[in-house]
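# Structural overview
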Amino acid sequence: MRSTLFQFQAPVSLLLLLKILDLTGSASAFTSYANDFVDPNYIVKGVFGNNTLASQQTILQWAKDSAIGGPWIWKTCTYVSRDGKFNPDGRIINDVGNFQSLSDMVLYNAIAFALTGSGSSSYSIIAVNYIQTWFLNDDTKMNPNLNYAQMQRGPTGQVGSHTGILDLKGMAKIVTGIEILRKMNCTDWTSDLDNKMHSWTNEYIKWLESASMSLEEEAAPNNHGTFWYNQVAALKILVGDLPGALDVTNKYFAKQYLTQITADGEQATARTRPYHYHAYNLAAMITNARLSAYAGNPSVWNKTTNEGSTIKTALDFAMNLSAADSNETSYTAELYPSVAAVGSVYGDAEGKYADFLAKGQPTYAEEAYFLWNQPLKGGEEESKAIQASETTSAKGSQATSATEGNTKDNGAGAMGGALSWVLVVLIGVGLQVAFML
């Protein structure tokens, strides 16, 4: 019995790595947000504020750069649970991290495709190839279940745990990517591939809605339950079942959500790592609200809990937490995408949320999340720098052309010139913030 997190037709870790090296020439990782659902209609429409040029560049670069057992179970004769701690044995075959990388790969390459063209591009080819490798190709695809997710090895193990459902939370990002490819009429995403993905997803939805371990995860009162709804609602959107997606999100906001936020905004289910769990569950709450809005019900943004709180109340409370106080400084940036989301949805007339971001992450306007969390203050100076660089680059190209008699088109379009600018985002090679638990 293999201890892989997911069940594949072939050892996908090696196959996926080979696919990465073949398509992109590297396997460098980048910052991965806990979860998100980006409105595909917003991306496809392509009407972005002039202040988002730096975030667009980041997405293009991240798209290019992107080209196992339960992690908190230890073996001491039998396996025991140690909440908030990870068993390194669970990363020997890191399908959790591989899937998180896959979800980012599909999301950023699909958005990059929408930003730069139509029909087909290197970005869409990469996104489609990754989807095929993980879900559709007979010799590499994952089986549509999580029967062995976060398996506890040892004398009492050999079956999965309900907590393993969480490891595919990034489905929301993948659905965003596929929806963009569909709406952009991407020629690489053929009707045959779409039909196959539709069939795979329907099988997986059936398992999620019937398997006892999945139903146990659905009932979880904390982030596990919140992320379960992320995944199932997104999958319903993928197969075109918007009423079904609404049923899923409505159930969340009528059930777990009602008891997750206290009157002052504290999340009662935050456990051993309070800063991380407040930020983590917030990301899942926000994703559920975005999925609901996309499926036709944006009113959930103002839905109140039993104690009269909203998502905004929870974010305001979390902004006053100190990661340092609980020795969680490595998670500080985890909250920032949610700050941007709340500022853009509820409004930020006084600049409270933008100021918080500017203090904690001065380059927040260069982050990918800044593009789809609009309107939000910031980005003007970064965009001016990009435009000035474009102008300088264009003049230099004209001078070179005049000197050498070169009539080649230098492609000084809005995004084309931006690509020639020296990127201001320093991406930590090998950094993968694959948020777990």
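Report follows, based on the coordinates.

Rules of the game
- Residues numbered from 1 in each chain as written.
- Predicted model: local features only at pLDDT ≥ 70, side-chain atom pairs only at ≥ 80, totals over all residues.
- Heavy atoms only, no water.
- Helix = DSSP H or I, 4+ residues; strand = E, 2+ residues; numbered from the N terminus.
- Buried < 20%, exposed > 50% of the residue type's maximum accessible area, 1.4 Å probe, protein only.
- Areas by Shrake-Rupley, 256 points an atom, 1.4 Å probe, with all protein chains shown as cover.
- Expected span 1.5 Å × (residues − 1).
- Core = buried A, V, L, I, M, F, W, Y, C linked by side-chain atoms within 4.5 Å.
- Contact = heavy atoms within 4.5 Å.
- Phe/Tyr/Trp six-rings, centres within 6.5 Å; stacked < 30°, edge-to-face > 60°.
- Polar contact = N/O pair within 3.5 Å; in protein donor to acceptor, adjacent residues only side chain to side chain.
- Salt bridge = Lys/Arg side-chain N within 4 Å of Asp/Glu carboxyl O.
- Axes fitted to C-alpha atoms, helices over the stretch in contact; angles between N-to-C directions.
- Left-handed = near helix turned anticlockwise from the far one by under 90°.
- Nonpolar A, V, L, I, M, F, W, Y, C, P; charged D, E, K, R; others polar.

Moving on to the overall build of the chain. Along its length, the chain carries 18 helices and two strands. Residues classed as buried in the chain amount to 55% of the 437 residues present. Here the chain has roughly 17400 Å² of accessible surface; of this, 52% comes from carbon and sulfur atoms.

Attention now goes to helix 12 (residues 274-295). With 22 residues, helix 12 extends 32 Å between its outermost C-alpha atoms, agreeing within 8% with the 32 Å of an ideal straight helix rising 1.5 Å per residue. Most of helix 12 is tucked away, with 20 of its 22 residues classed as buried. Note on helix 12: the residue one or two positions beyond its end, Gly296, has a positive phi of about 125°.

Counting 105 residues, the largest nonpolar core has Tyr108, Phe135, Trp189, Ile311 and Trp372 as its most contacted members. Non-local contacts of Ile311, meaning those with residues more than four positions away in its chain, are made with Phe253, Tyr257, Ile261, Leu282, Met285, Ile286, Ala289, Trp301, Val342 and Tyr346. Ranked by size, the runner-up nonpolar core spans seven residues in total, among them Ala34, Leu166, Tyr277 and Ala284.

Quick look at the packing of aromatic side chains now. Within this structure, the stated rule accounts for 19 aromatic pairs. An aromatic cluster of at least three residues, connected via ring pairs, comprises Tyr33, Trp62, Tyr108, Tyr369 and Trp372.

Here helix 10 (residues 242-254) contains 13 residues, and its C-alpha end-to-end distance of 18 Å stays within 8% of the 18 Å for a straight helix at 1.5 Å per residue. Within the span of helix 10, buried status applies to Gly244, Ala245, Leu246, Val248, Thr249, Tyr252 and Phe253. Tucked inside the fold, the buried residues of helix 10 contact helix 9 (223-238), helix 11 (256-260), helix 12 and helix 13 (311-318). The backbone nitrogen of Gly244 lies 2.9 Å from a side-chain oxygen of the residue at the head of helix 10, namely Asp241.

Our next topic: the pattern of salt bridges. Tallying each qualifying case throughout the model produces twelve salt bridges. Where Lys141 meets Asp138, a salt bridge forms, and the shortest distance between an N and an O atom there is 3.7 Å.

With that out of the way, let us pick up unusual backbone geometry. For the bond from Gln374 to Pro375, the omega torsion is 5°, close enough to zero to count as cis. Of note in this structure, Asn327 is not a glycine but carries a positive phi near 55°. Positionally, Asn327 belongs in the loop between helix 13 and helix 14 (336-346).

Turning to the packing of helix 7 (residues 191-208) against helix 9, a few remarks are in order. In a pair of packed helices, the angle between the axes and the distance between the axes together describe the arrangement. Orientation of helix 7 relative to helix 9, taken along the N-to-C sense of each, is 145°, at an axis distance of 10 Å. Along this stretch, helix 7 crosses helix 9, giving a crossing that reads as left-handed. Listed contacts from helix 9 to Met197, Thr201, Tyr204, Ile205 and Leu208 of helix 7 are Trp228, Gln231, Val232, Leu235, Lys236 and Leu238. Here the contact of helix 7 with helix 9 is built from residues that sort into eight nonpolar, two polar and one charged.

A word on the side chain of Lys173. Relative to the assigned elements, Lys173 resides in helix 6 (residues 171-183). For Lys173, a relative accessible area of 2% gives the class buried.

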